[in-house]
Every structure is written in structure tokens, then in C-alpha cells.
Amino acid sequence: MDALGTWCPVPVTMTRDTIAAMARGQVLEVLADDPMVFLDLPAWCHDAGHEVLSMEQRRDVITSLIRVG
Amino acid sequence: MTGYLDHASAWPLSDAVRAEMDRWTAHVGSPMALHEAARGPADAIAAAREQVAALTAWSAECVIFTAGPTEARNLAIKGSLAAGGVEAPVIVADPLAHISTLAVARTLTRRTGEMRLSPVDSTGRVSTVDLATTVTSSAGGGANDEGKGSSIRATTGDMRAGAPADVVVITHGQAEVGTLQEAAALAAAVRAACPDAVIVLDAEETAGLIPLDDGLGADLVVIGGRTLGAPPWTGALLVRAGTRLHPLVEGGLEEGGKRGGAHDVPGIAALGVAAREARAGRDARVATMRRHAATLADGMLAVPGTRLNGPHVGERLPGHVQVSAEGVEGEAVALAMAARGVAVSPGSACTFGAGKASPVLEAMGLNDQLARSAVLVTAGPGTTDAEVAKAIAAYAAAVESLRGMAPG
């Protein structure tokens, strides 16, 4: 899911909407470049019952892998 | 009876397109809302997304709806450079590119970076060899050989002079002179010479008339509503999967975060219906438009001292004819034809108010008088034989009348 160029909470809301159409156990890759996703995405995943597998930043792009719970 | 031969400016809407606009103009309910009134507009936008994406045979997720093709061009160029973190961009186009493409490129390279324009020949065509050279080196973009037309190379700033291109814009169909580029071959040449460049295909003039399967190899495809039969203020940017893009208009969740702001539901729904109709009726539309263009060209060129600008009518945009005449001004001819009940444009639909010759025609090597005398006559799928005959007669009479008034 490409959320590049958007600011929180948009990346988190887009993640929520994308995951809504996915099955439990599937993994979503989220691309974003707002540093706030380091805080907001894990917090939302915790509340919603999803697992953050990894979050890595390369140059400006933050790549997050989320397993749908 | 009025003869309408200005489809370069606006097309009439079909009954189905107009009905779709009326339906959603009367509807109350935002497509982003949660309640029942949102479902209709949301479904209409989803259906339109499918129809517009089908122009390239890409998936519906590729579509970002915009307020017309000019916004789509801005989004393509500015958004891809922002996503790539490019601070001193190298942008390549050609001198026949749409004025908004050239304006964006000039703005982004005003202080640093480089804008390069590929050479064109006397019919406005860009060669794969010239474009491949231009995207990889400043030195390749400045040919100005006699018989090859002219080219303009504007270099602003020198921080990355000679660096490979970051963005390359291929103008598929040229609005003023009707030149059709071999877009797939040009895109392949850019890809081979400059693999990291983002390739933008400007298909405003060709969407619905020429197949755009797989975006003809481009990463981003600019679509306008007009040639599909939708309102000219509608449009979209189609994005190849994996192409990174930042929004130009920032906001909320609309268009996957890539274009904020409330949706123009009537316009988007109309664009979808028009795209469906255009794909279904493409062959018949193009055949009609080409037939009218051939008749117009034959009739107008029968006037002494005239010439066709751009390629032969069988090798240019369907329905498109641009003719120059010795001893007259294009604006005066257009006004004289209007007085005879025929709607056409002076040579350039976008720049004629500036009181100067079209830079496109100058780039193709026309002298100033011939460039100023150009008249653009564009037929659509609904144009009649009677309108064509009336336009030919009005052109001949206008030119004869204006020449008769010229000081001897």
C-alpha cells in the first residue's frame, strides 16, 4: 500500500481500509514517508489486533510489514 | 445552421453522459460518508474508475481523478519528482508539448536543474535516436539543422547539467498541428537509455481515439475528458503499479491519499460513461473523423496560397486539420468564419490571445507570417457532411475577403 506523500493520520486510515479487505494471516506492506508512522502505526495495530512484523527506513521511505490479526 | 468545427476546444456531450451528470448533480450524499446516501456516488466513482482504467488495460487502482488534464500533468511531474526526493531535476519534453508541461518544467528548473527539449522534424515528430540522446546528455538536445525543423533547449542552472533525465514527458498527440508520436517506441528508447527516468505519456488528445494499452510503456498517463466525450474539466492520471507519487493537492483519503478534496461526482461519473462509450465506438468515431478531415483538407487546400501544417491527415490526430494561408491573420480568418456561422480556432487554442505566433509552429520551422495565419479546424464524431461543406466554403470566402482588404 502506497501512502507516500501523505501525513498521519492518512497512512493509518488507509492501512485500516486496506486491511478491512484482507484475510487473517495475510501480510500488508505499507510504504510511507511521514516519520509519525513509527508511532501511529504500531499504536493502531496494537489496538486493532494486528502484528507489526517490521518497520525499516531507507532514505525517506519507511516500509512497514503488518500481519493481519 | 451553425457549423461546429472546434472539437479541439470542447466536444458535445452524448445523451448518456449528460444524463449521468444530471443524475449525480441532483443527488445529495458524499461518497466518503458512512450512511446509505454515500453508496450511490461511491459506486458511480468505482464504476468510472474501472472504465477509465480500461483505457490502458491497467487495474482500477491505477486511476487518480483530477480536475482536468492540466492538473494531471502537474501531478505527474511534480508528484514523481517529490516522491523521488529530486532537488535539482532534469526534465525532458519536446517543443510541441502542452503549454502546461513546459510551464511546470520551467518552474521546477528555474533555480537549479535542467529542462531539455528534444528536436522535432518539420511535421513535429520526435525520433527515438534524438530522444534517447536528449535524456542522457545536454549535448543531444540542441540540434537545429536546416530541414530538420528547429528545437529549443532551455537550460536553467547548471547543478546537474548533463545528468540523466528524472522525468520525460512524451506528448502522444499534439493539439495544434495534430502530430502523432510513436509513443511506445519513444518510451522504449527512453527506458533503454535512462532506466530510472519516470516516463509520462500525455494522452489528452488521444484517449478514446488511439489505443493506450499498458500506457504504451509509460509510468504515468495523462487523460482528459474532452476526447472521450466528457466535459473538458474532467481528467485523470493513470499510474503504473509501483510508480511512486506524492500528492499535488494534499488532503485526506480521497484518491488513495494522492489527490485530496471532495470528489466531483457528476464529472467523474460522466468521465466513466464517456470512456465506456469511447472504447465501444472508437473505430467508427475515428473513421468518421478521418473522413471529415480528409474532405476539409482537400477543400481548404484548394484555396490558392495555403499549406497544411503537420503530418498528412491520414497520419495525424483524427478529425484534425490546421492550415496556413499567405496574406491573412489566423484570428481574422477565424472571426470571419464565425461571422459566416462556422466555429473554428486560430492556430493555437491555448495561446492565440497572447498576440504572437505559436511557438509550436515556429519550432517546426514556419516563418512568422505563415505561423500567424494558421487556422485549426477539428471535426468530431457527430460532425455532419453539411457542416464540413459549410466550413470549406466559409474558409474560402474568409481568405478571399481578407486578402481583398489587404493594402496592395
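Worth saying up front: this structure is predicted, and the values here are computed from it rather than measured.

(A) Geometry of the confidence of the model for chain B. Residue and element names in this part refer to chain B. This prediction gives chain B a mean pLDDT of 90; 91% of its residues lie at or above 70. Counting contacts from residues 140–159, a segment whose pLDDT is below 50, to residues more than four positions away or on other chains yields 57 contacts. With pTM at 0.89, the complex prediction returns an ipTM value of 0.73.

(B) Structural context of the sheet that holds strand 2 (residues 51–58) of chain A. Residue and element names in this part refer to chain A. Here we have three strands laid out as an open sheet, ordered 1-3-2, and antiparallel in their pairing. In this open sheet, the two edge strands, each paired with only one partner strand, are strand 1 (27–32) and strand 2. Taken over all neighbouring pairs, the strand axes of this sheet differ in orientation by 15° on average, direction set aside. Of the strand pairs in this sheet, strand 1 and strand 3 (residues 61–67) are connected by six bridges, and their pairing is antiparallel. Looking at the pairing, alanine 32 lines up with isoleucine 62 of strand 3. Running over the sheet, helix 2 (residues 37–48) touches strand 1, strand 2 and strand 3 and is turned about 170° from strand 2.

(C) Structural view of the domain arrangement of chain B. Residue and element names in this part refer to chain B. According to the domain assignment, chain B contains domain 1 (15–280) and domain 2 (282–405). For domain 1 and domain 2, the distance between their C-alpha centroids amounts to 27 Å. Listed as interface residues are 23 residues of domain 1 and, on the opposing side, 24 residues of domain 2.

(D) Here's a closer look at the nonpolar core. Residue and element names in this part refer to chain B. Counting residues in hydrophobic clusters, the biggest one holds 132 residues, and the most contacted among them are Val168, Val190 and Val200. For this core, the leading source of residues is helix 7 (residues 265–280), giving nine residues. Here this core spans two domains, and each of domain 1 (15–280) and domain 2 (282–405) adds at least three residues to it. Setting aside its immediate chain neighbours within four residues, valine 200 contacts Ala76, Ile77, Val167, Val168, Val169, Ile170, Ala218, Leu220 and Val222.

(E) Main features of helix 6 (residues 183–193) of chain B. Of all the residues in helix 6 of chain B, the buried ones are B:Ala183, B:Leu186, B:Ala187, B:Ala189, B:Val190 and B:Ala193. Down the axis of helix 6 of chain B, the buried set is contained in an arc of 160°. They therefore lie on one face.

(F) Focus on the packing of helix 1 (residues 15–25) of chain B against helix 7 of chain B. Residues and elements named next belong to chain B. For the pair helix 1 and helix 7, interaxial distance at closest approach is 8 Å and the crossing angle is 155°. Between helix 1 and helix 7, the crossing angle belongs to the class labelled roughly antiparallel. Seen along the crossing, helix 1 lies across helix 7 with a hand that is right-handed. Packed against helix 1, whose contacting residues are Ala16, Val17, Glu20, Met21, Trp24 and Thr25, the element helix 7 presents Val265, Pro266, Ala269, Ala270, Val273, Ala274 and Glu277 at the interface. Of the residues assigned to the contact of helix 1 with helix 7, the class counts are ten nonpolar, one polar and two charged.

The rules behind the values
Residues numbered from 1 in each chain as written. Chains lettered and ligands numbered in written order. Predicted model: local features only at pLDDT ≥ 70, side-chain atom pairs only at ≥ 80, totals over all residues. pLDDT = per-residue confidence, 0-100. Contact = placed C-beta atoms within 7 Å. Pairing = 2+ DSSP bridges. Helix = DSSP H or I, 4+ residues; strand = E, 2+ residues; numbered from the N terminus. Axes fitted to C-alpha atoms, helices over the stretch in contact; angles between N-to-C directions. Domains from an automatic or database assignment. Core = buried A, V, L, I, M, F, W, Y, C linked by C-beta atoms within 7 Å. Buried ≥ 20, exposed ≤ 12 C-beta atoms within 10 Å, placed from the backbone. Arc of directions from axis to C-beta. Parallel < 35°, antiparallel > 145°, perpendicular 65-115°, else oblique. Left-handed = near helix turned anticlockwise from the far one by under 90°. Nonpolar A, V, L, I, M, F, W, Y, C, P; charged D, E, K, R; others polar.

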